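Summary of the model geometry
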Amino acid sequence: MPHISAAAALQICAVLSAFPAQYFISQWYGTDSAQRILLTERLVITSWSSFTKSCLSLDAWADCLKLWLSKTRRQIILKLSFYRTCLIVELLILHFRNWYYGEKKAKSGDTEAETHSYFAESTHVRSPKPESIQFSVGQVIVHKRFGYSGVIIGWDVKADTPEEWLRHKYPPATQDLRDTPHYRILINKANGFGKSTAYIPQEEITIIMGLEVHHPDIKTYFSGYDGTKYIMQPWLKKIYPHD
C-alpha cells in the first residue's frame, strides 16, 4: 500500500468535498429569487419547529424531569438499602457479642470450675436475695469518699476476695467491713478515674438517678437505661433474678 502524506490526504478531502458543494450551489443558485426565499422560509420553519419540540415543549421537559427523578430515586433506594444492610450487620454483631460474653459465660459456669469467682464475678444464682443487700444490679452509684460514679454489675453478701487482698484493703481497725455486702462497679469513664472497675463495701455507696455511665463493657451487661437504672442482659438477669 503506497504511503500518503498529510498534504496529499488534505488535497483528496478537498476534491471529494467539492462534489456536494457543487450540488448545493446548483440547487440554490439554479432557482430564481422567489424559490430561494421559499426554500429559506421552509428551512427556518423546519429549524424552529425542531427547536420548539426539543427545547420549548412541555412534554420534552416532562420527559427530562421523569428521567432525572427515576435516576435520583434509584440512587436513594440503593443508599437506603446499603444503610439498612449496615444496620442489620451491626445488630448481628451486637447480638453475637452479647451471646459470647453473656450466655456462654453463664453456661460455662455450670459445667466448669470457676477460676474467677472473686469480686462478685461468680455465676451462681443469687436467690433468694438477702435483706442485707440494699442495692441492685443496674443502679448507678457515686462513691462517698472518692466521688466517682459507676453502675453496679454484681454483689456478694460479704467480701469474697483472696485473703491477701482483704488484709491490704482492711486494716485491723476496719476488719468488720469484710463481713458486710460488697458490690462490683463499672466505673464511669467520664470521671477520668484511672481504674475500670471497683469492689467496694455497701457503706461507701450513694445511689443517683438520671446519670448514664460511659464504659466500653456497658453493653455486655446491660441492654439499655430507663432513666432510673440499667436494664440487665438476659444472662445477668438469670444470676440476679430479684434485682
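Below is a summary of the structure that appears in this document. (Residues numbered from 1 in each chain as written. Predicted model: local features only at pLDDT ≥ 70, side-chain atom pairs only at ≥ 80, totals over all residues. Heavy atoms only, no water.)

Focus on the overall build of the protein chain
- Counting its secondary structure elements, the protein chain contains 6 helices and 7 strands.
- Shown N-terminal to C-terminal, the secondary structure of the protein chain runs as helices and strands in the order α-α-α-β-β-α-β-β-β-α-β-β-α.
- Counting all 243 residues of the protein chain, 27% fall into the buried class.
- When the accessible area of the protein chain is evaluated, it comes to approximately 17,000 Å², of which 63% is carbon and sulfur surface. (Helix = DSSP H or I, 4+ residues; strand = E, 2+ residues; numbered from the N terminus. Buried < 20%, exposed > 50% of the residue type's maximum accessible area, 1.4 Å probe, protein only. Areas by Shrake-Rupley, 256 points an atom, 1.4 Å probe, with all protein chains shown as cover.)

Thoughts on the pattern of salt bridges
- If you walk through the whole model with that rule in mind, you get 5 salt bridges.
- Here Asp243 ties to Lys129 by a salt bridge, and the two come within 3.0 Å at their closest N and O atoms. With Asp243 in the segment after α6 (234–239) and Lys129 in the loop between α3 (58–111) and β1 (140–143), the pair connects residues that are 114 residues apart, well separated along the chain.
- Residues Glu204 and Arg145 are paired through a salt bridge, measuring 3.0 Å at the closest nitrogen-oxygen approach. With Glu204 in the loop between β4 (197–201) and β5 (205–207) and Arg145 in the loop between β1 and β2 (149–156), the pair connects residues that are 59 residues apart, well separated along the chain.
- A residue is classified by how much of its surface remains accessible, and Arg145, at 55% relative accessible area, is exposed. (Salt bridge = Lys/Arg side-chain N within 4 Å of Asp/Glu carboxyl O.)

Thoughts on the sheet that holds β4
- Spatially, 5 strands are ordered β4-β3-β2-β1-β5 in an open sheet, and the strand pairing comes out antiparallel. Where the open sheet ends on each side, the last strands, each with one partner, are β4 and β5. When strand polarity is set aside, the average angle formed by the axes of neighbouring strands in this sheet is 45°.
- With 6 bridges connecting them, β2 and strand β3 (residues 182–187) associate as antiparallel partners. In the strand pairing of β3, Val151 is matched with Leu186. (Pairing = 2+ DSSP bridges. Axes fitted to C-alpha atoms, helices over the stretch in contact; angles between N-to-C directions.)

Side note on a nonpolar patch on the surface
- Side chains of Ile76, Leu80, Phe82 and Tyr83 sit close together on the surface and give an oily, nonpolar patch of about 460 Å² of accessible area.
- Tracing the chain through its elements places Tyr83 in helix α3.
- Taking relative accessible area as the criterion, Tyr83 reaches 53% and is therefore assigned exposed. (Patch = residues over 30% accessible without salt bridge, like charges linked within 9 Å, V, L, I, M, F, W, Y side chains within 5 Å.)

Regarding the pairing of β4
- In terms of residue burial, β4 counts as a mostly covered element, since 4 of its 5 residues are buried.
- As defined by bridge partners, β3 adjoins β4 across 5 bridges and the pair is classed as antiparallel. Each bridged residue has a counterpart across the sheet, and for Tyr183 the counterpart in β4 is Ile200.

Here we look at the nonpolar core
- Membership of the largest hydrophobic core comes to 27 residues, with the highest contact counts inside it found for Val137, Val151, Tyr183, Phe222 and Leu236.
- Secondary structure elements with two or more residues in this core: β1, β2, β3, β4, α5 (218–221), β7 (230–232) and α6.
- Discounting chain neighbours no more than four positions away, the residues touching Tyr183 are Ile133, Gln134, Phe135, Ile152, Gly154, Trp155, Ala198, Tyr199, Ile200, Gln202 and Ile205.
- Core analysis: the second largest hydrophobic core is formed by 6 residues, Ala159, Tyr170, Leu177 and Tyr199 among them. (Core = buried A, V, L, I, M, F, W, Y, C linked by side-chain atoms within 4.5 Å. Contact = heavy atoms within 4.5 Å.)

Re the packing of aromatic side chains
- As enumerated under the stated definition, the model contains 13 aromatic pairs in all.
- Taken together, a centroid distance of 4.6 Å and an interplanar angle of 40° make the contact between Tyr148 and Phe193 tilted. Placement of the pair is Tyr148 in the loop between β1 and β2 and Phe193 in the loop between β3 and β4, with a sequence separation of 45 residues.
- On the accessibility criterion, Tyr148 (4% relative accessible area) is buried.
- Its relative accessible area of 31% is what places Phe193 among the partly exposed residues.
- By way of ring pairs, the aromatic residues Tyr118, Phe119, Trp165, Tyr170 and Tyr199 are connected into one cluster. (Phe/Tyr/Trp six-rings, centres within 6.5 Å; stacked < 30°, edge-to-face > 60°.)

Quick word on the pairing of β2
- With 8 of 8 residues buried, β2 is to be regarded as a mostly interior element.
- With 3 bridges connecting them, β1 and β2 associate as antiparallel partners. Paired with Val142 across the bridge in β2 is Ser149.
- Hairpin connection between β1 and β2: a loop of 5 residues separates the two successive antiparallel strands, and Gly147 in this loop has a positive phi of roughly 80°.

In short, the description is geometric, and any link to function would need to be established separately.
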